[in-house]
Amino acid sequence: MSLNNNNNLHGSPFWRTGLNKLRALIYRSPLYMVTLKKKKNLEITPLPGFLTNADHSRGKAILSGGFPFAGRTYKNAQVPWTTAQDDAAWQGYIHGFCWLDDLLACEDAQGLVEARRLIKSWIDLHGVWTPLAWRADVMGERLVSWMKNAAKITATADEDFISAFNTSLSLQSSHLSRSYLQGLSGYHLLRALRGQLYVGLFVVGFIKSADRALRRLGDEFNAQILADGGHISRNPQVLFETLKLALELMDVFEKVEKDCPKAIRLSIDRMAPMVRTLRHGDGGLALFHGAQEGDGVEIDAVLDKTENQGKPLSDARHSGFQRIEAGHMILLMDVATPPSVDQNPAGHGAPLSFELSCGDERLFVNCGSVLGGDQSWQSALAATAAHNTVVVDDKNAVRLHKDGGVVSRDIHVESKRFEENGEVLIDANHDAYKESFGLIHHRSVYLNKSGTDMRVEDKLIGTGGNQFAISLHLHPDAHASIVQDGQAALIKTHSGAGWHLRAQGGKLEMRESIYMPNPGQVRHTDQILIQGPLRGDGADVKWRLSRVGGV
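Here the structure is a predicted model, which is why all the values come from computation and not from measurement.

A. Region of the structure containing a nonpolar patch on the surface. Taken together, the side chains of Leu-22, Leu-25 and Ile-26 define a hydrophobic patch exposed on the protein surface, amounting to about 310 Å² of accessible area. Within the secondary structure layout, Leu-22 lies in helix H1 (residues 14-27). Judged by its relative accessible area of 48%, Leu-22 is partly exposed.

This is the structure:
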């Protein structure tokens, strides 16, 4: 199966394009700018020091002429807003100014001088509404960065700069405070509300904005955090970032002596066990729906801060994940409909995919995701073939937007879990291939008590299609060789542990694959394909993974 699969890629709906054009006409009009509050003498209450998160090395890199972002370095530090303008993730980062802390962390005056120059450059080019730069979540990030560094930035500046800075900050604060945050959903909406809240709390004259944001934040946490603690995006990394945001809000409310909404406090207690649910033995996160592994040490620290000792869930049915923990083995399986683009703009199209790890070693992995950069990678990594599941005729199980995310469609995914004496069986199916091929994918996964014997049956029920392939992407530290005329494979991990994979109903073949666990990390690896023809009567493939030498 190829990762360069452009089947079922679709553009944005016309209604959304038209709405964006209407907003642009209104917000760019001179009359609208006149309606915004314009204060040259702006009063900002000092923000809590824990909101600053500076990296001195990144600041030095910026002074050297490049902005580090997502494992890449973007040149043109003179006018960075004009660089890679078709890279939405990078543009959101550069316009959000969260790098300002890094630049101001430089020990000499050069960092402060460069910070002022970049702020003035931004005001000159984007002081009037532009679509991405003034998007509420990006604006919220920028305003928080400007507010918490305002005293340092303006302390020894000339009057012209101070006037321009304060005027722009007040205009943006006015726009954000009155915004109903249309067009945003999910985590982006939470970030926008954070900015709106902090403007109300720390910029004098905008307290009404804080009250409205406070009420809406509670509503959004109730809506976005599911009953089992998962996030509506079904992205483990977004869940973790949302937990971090909730903890930050708790600290801010304590600092300003305001009551934290009950919904946020309850969400923290639900999210902590769910984050544990979606971790592997190495401490990192599973790679579903645009997630990356993250930093296990940071995840530990955040979970410790919650003071919640809740155990990982086995059956996270609201979030659509199953977890089997047997011996040293951890299996995580996606058993729900892929999230729509409104729930997750980077969702992946791979129902019934799974990941498998043993101890601190990952064995079978989904291919991961990227942040920004070449858009073709987004589509390739979101494809069904980039996951450990069944693909028919090299076609995605669901349709994908060409600019990221899954096209909403009514498909049915269901699962049942059976446990007895420590042995677990997950029985699941989806009908995503019914529309195109008339096929139902049924997957049964069994794991024994000691985690040394995994048995899977993949059935395709129906009469359509020409060929199937079951992708099993190996972690780069695991290596395999095909034996027994394509009916089996031997797998060896970095620690020397051995596994024997046997298949019945399909032939094994090795293919190249890719693994992108974190920003900037691109690792070449292999995948095992179990392939076979579809001759009008579906397929029934049984495959078994067993530990060589037992425990």
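From this point on, the discussion continues.
B. The arrangement of the sheet that holds strand E11 (residues 413-420) in detail. Here 8 strands make up an open sheet; going across it, the order is E11-E12-E13-E14-E21-E18-E17-E16 and the pairing antiparallel. At either margin of the open sheet sits one strand with a lone partner, and together these are E11 and strand E16 (479-483). When strand polarity is set aside, the average angle formed by the axes of neighbouring strands in this sheet is 15°. Alignment of strand E17 (residues 488-492) against strand E18 (residues 498-504), held across 5 bridges, turns out to be antiparallel.

C. Highlighting the sheet that holds strand E6 (residues 329-334). Read across the open sheet, the 5 strands follow the order E4-E5-E6-E7-E8; overall the sheet is antiparallel. Bordering the open sheet on either side are strand E4 (315-316) and strand E8 (361-364), each of which pairs with just one other strand.

D. Representation of helix H6 (residues 110-126). The terminal C-alpha atoms of H6 lie 24 Å apart, and with 17 residues this matches the ideal 24 Å at 1.5 Å per residue to within 8%. Among all positions in H6, only Gly-111, Leu-112, Glu-114, Ala-115, Arg-116, Leu-118, Ile-119, Ser-121, Trp-122, Ile-123 and His-126 are buried.

E. Highlighting unusual backbone geometry. Residue Ala-70 is not a glycine yet carries a positive backbone phi of 55°. On the basis of relative accessible area, Ala-70 is assigned to the buried category, the value being 13%. Backbone geometry places His-289, a non-glycine residue, at a positive phi of 55°. As for its position among the elements, His-289 is in the loop between helix H13 (262-277) and helix H14 (296-306). Taking relative accessible area as the criterion, His-289 reaches 2% and is therefore assigned buried.

F. Here's a closer look at the packing of helix H12 (residues 236-255) against H14. Two numbers describe how H12 lies on H14: the axes approach to 11 Å, and their chain directions differ by 45°. With respect to H14, the element H12 is oriented oblique. Viewed along their axes, H12 and H14 form a crossing whose handedness is left-handed. Facing H12, whose interface residues are Phe-240, Leu-243, Lys-244, Leu-247 and Asp-251, H14 presents Glu-298, Ile-299, Val-302, Leu-303, Lys-305 and Thr-306. Of the residues that constitute the contact of H12 with H14, the class distribution is 6 nonpolar, 1 polar and 4 charged.

G. Seen up close, the side chain of Asn-448. Structurally, Asn-448 is set in the loop between strand E13 (440-447) and strand E14 (453-461). In terms of polar contacts, Asn-448 uses its side chain to reach the side chain of Ser-450, at 3.2 Å. Of the polar contacts made by the side chain of Asn-448, one reaches the backbone nitrogen of Thr-452; its length is 2.9 Å. With residues up to four places along the chain from it excluded, the contact list for Asn-448 reads Ala-326, Gly-422, Glu-423 and Asp-453.

H. Quick look at the pairing of E8. Where strand E7 (residues 354-358) and E8 come together, 3 bridges link them in antiparallel fashion. When the bridges of E8 are listed, Cys-358 appears paired with Glu-361. Counting the residues that bridge the hairpin from E7 to E8 gives 2 residues, and of these Gly-359 lies at a positive phi of roughly 60°.

I. Quick look at the packing of aromatic side chains. One pass over the full model with this rule turns up 22 aromatic pairs. Residues Phe-97 and Trp-122 carry aromatic rings whose centres are separated by 6.5 Å and whose planes lie at 85° to one another, so their mutual orientation is edge-to-face. Residue Phe-97 is located in the loop between helix H4 (88-96) and helix H5 (100-104), and its partner Trp-122 is located in helix H6; the two are separated by 25 residues in the primary sequence. Like Phe-97, the residue Trp-122 is buried in the burial classification. Relative to Phe-165, the ring of Phe-161 lies with its centre 6.0 Å away and its plane at 20°, an arrangement referred to as stacked. With Phe-161 and Phe-165 both in helix H9 (residues 159-178) and 4 residues apart, this pair spans about one turn of that helix. One residue, Lys-37, lies across the ring of Phe-206, its end atom 4.7 Å from the ring centre. Arg-234 extends its terminal NZ or CZ atom over the ring of Phe-321, reaching a point 4.7 Å from the ring centre.

Quick notes on the rules
- Residues numbered from 1 in each chain as written.
- Predicted model: local features only at pLDDT ≥ 70, side-chain atom pairs only at ≥ 80, totals over all residues.
- Heavy atoms only, no water.
- Patch = residues over 30% accessible without salt bridge, like charges linked within 9 Å, V, L, I, M, F, W, Y side chains within 5 Å.
- Areas by Shrake-Rupley, 256 points an atom, 1.4 Å probe, with all protein chains shown as cover.
- Salt bridge = Lys/Arg side-chain N within 4 Å of Asp/Glu carboxyl O.
- Helix = DSSP H or I, 4+ residues; strand = E, 2+ residues; numbered from the N terminus.
- Buried < 20%, exposed > 50% of the residue type's maximum accessible area, 1.4 Å probe, protein only.
- Pairing = 2+ DSSP bridges.
- Axes fitted to C-alpha atoms, helices over the stretch in contact; angles between N-to-C directions.
- Expected span 1.5 Å × (residues − 1).
- Parallel < 35°, antiparallel > 145°, perpendicular 65-115°, else oblique.
- Left-handed = near helix turned anticlockwise from the far one by under 90°.
- Contact = heavy atoms within 4.5 Å.
- Nonpolar A, V, L, I, M, F, W, Y, C, P; charged D, E, K, R; others polar.
- Polar contact = N/O pair within 3.5 Å; in protein donor to acceptor, adjacent residues only side chain to side chain.
- Phe/Tyr/Trp six-rings, centres within 6.5 Å; stacked < 30°, edge-to-face > 60°.
- Lys NZ or Arg CZ within 6 Å of the ring centre and 35° of its normal.

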